[in-house]
Amino acid sequence: MRAAHVFAVALTDLAILANVIAGEAPYCPQEHQIAVAAVVLNRVADPRFPDTVAGVVGQEGQYSERYLELMELPDGCLEAAQAALDGEHDVPSDVIYQAQFPQGFETWWISEVDTGWWRSTTYFCRG
C-alpha cells in the first residue's frame, strides 16, 4: 500500500489578507475590503495580538482558520489586499476591530452595504 502525502503550503501575507477579504467582505466596495485587511495589519502591529498576519488570522476565536488555506477569490480581493499592504488607506492604527456589532471603545466607521440581494452593516472600531 502506498503512503499518502500531505503537503502544507505556507501562504504569503498577501494571500492570507485576500482570503480574509474573500470571507469577510467578498462583495463589498473596495474601500470596505481594504479596511478589513487594514484591521488585520493593525492587529499585527498591536502588542495585544500575534505579530504576524498568519498569527492574527489563526488566533483562536478571531477569524476562520480556512483563511490560512488556498481559497478561490472573488474579483478585487487580491487588489484590495495589496492596497492595504501598500498603506493605501486612511484606517487609523488603533482600529483593531471589525464586526457586525460595535466593540472596543469607539466606532471609527460604519460601513453599510446593500448589493440588492445581500445587506450588511460592519463596524470598524478603535481598541
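Starting afresh in each chain, residues are numbered from 1 along the sequence in its written order. Only residues with pLDDT of at least 70 get local features here, since the model is predicted, and only at 80 or more are side-chain atom pairs given and counted; chain-wide, interface and lining totals rely on the full set of residues. Remark: hydrogens and water are excluded; side-chain values derive from all non-hydrogen atoms of the structure.

Undergrad: Mind showing me how you'd approach the nonpolar core here?
TA: Inside soluble globular proteins, nonpolar side chains tend to come together where they are buried. Joining through side-chain atoms within 4.5 Å is the link that ties buried Ala, Val, Leu, Ile, Met, Phe, Trp, Tyr and Cys residues into a set, and such a set is a nonpolar core. Burial classes follow relative accessibility: with a 1.4 Å probe on protein chains only, a residue under 20% of its type's maximum area counts as buried, one over 50% as exposed, and anything between as partly exposed. Judged by nonpolar contacts, the single largest core of 34 residues is most densely connected at V20, V40, V57 and Y63. Residue assignment for this core shows that the elements contributing at least two residues are α1 (13-24), α2 (30-45), α3 (53-58), α4 (77-85), β1 (95-99) and β3 (119-126). A run of H or I in DSSP becomes a helix once it reaches four residues, and a run of E becomes a strand once it reaches two; helices and strands are each numbered from the N terminus. No other element matches the seven residues that α2 contributes to this core. The contacts of V40, once residues within four sequence positions are left out, are L17, V20, V53, V56, V57 and Y63. Contacts between residues were defined by any pair of non-hydrogen atoms, one from each residue, lying within 4.5 Å.

Undergrad: Would you take a moment to explain the pattern of salt bridges for this structure?
TA: Side chains that differ in charge, positive against negative, can pair when their charged atoms come close. By definition, a salt bridge exists where a carboxyl oxygen of Asp or Glu is found within 4 Å of a side-chain nitrogen of Lys or Arg. Counted by the stated rule, this structure contains four salt bridges. Among the ionic pairs, R48 bridges to D46, the shortest N-O distance being 2.7 Å. Residue classification places R48 among the exposed residues on the basis of a relative accessible area of 52%. With a relative accessible area of 12%, D46 lands in the buried category. As a salt-bridge pair, D114 and R119 come within 2.8 Å of each other at their nearest N and O atoms. Using a relative accessible area of 66% as the deciding quantity, one classes R119 as exposed. Sharing partners across several salt bridges, the network here consists of D94, E106 and R126.

Undergrad: Would you explain α1 in this entry?
TA: Two residues of an α-helix separated by three or four positions point the same way, owing to the 3.6 residues in each turn. Expected helix span is taken as 1.5 Å per residue step, with the number of steps being one fewer than the number of residues. Spanning twelve residues, α1 covers 16 Å between terminal C-alpha atoms, matching the ideal 16 Å at 1.5 Å per step. Packed against the buried residues of α1 are α2, α3 and α4.

Nothing here speaks to function; it is all geometry.
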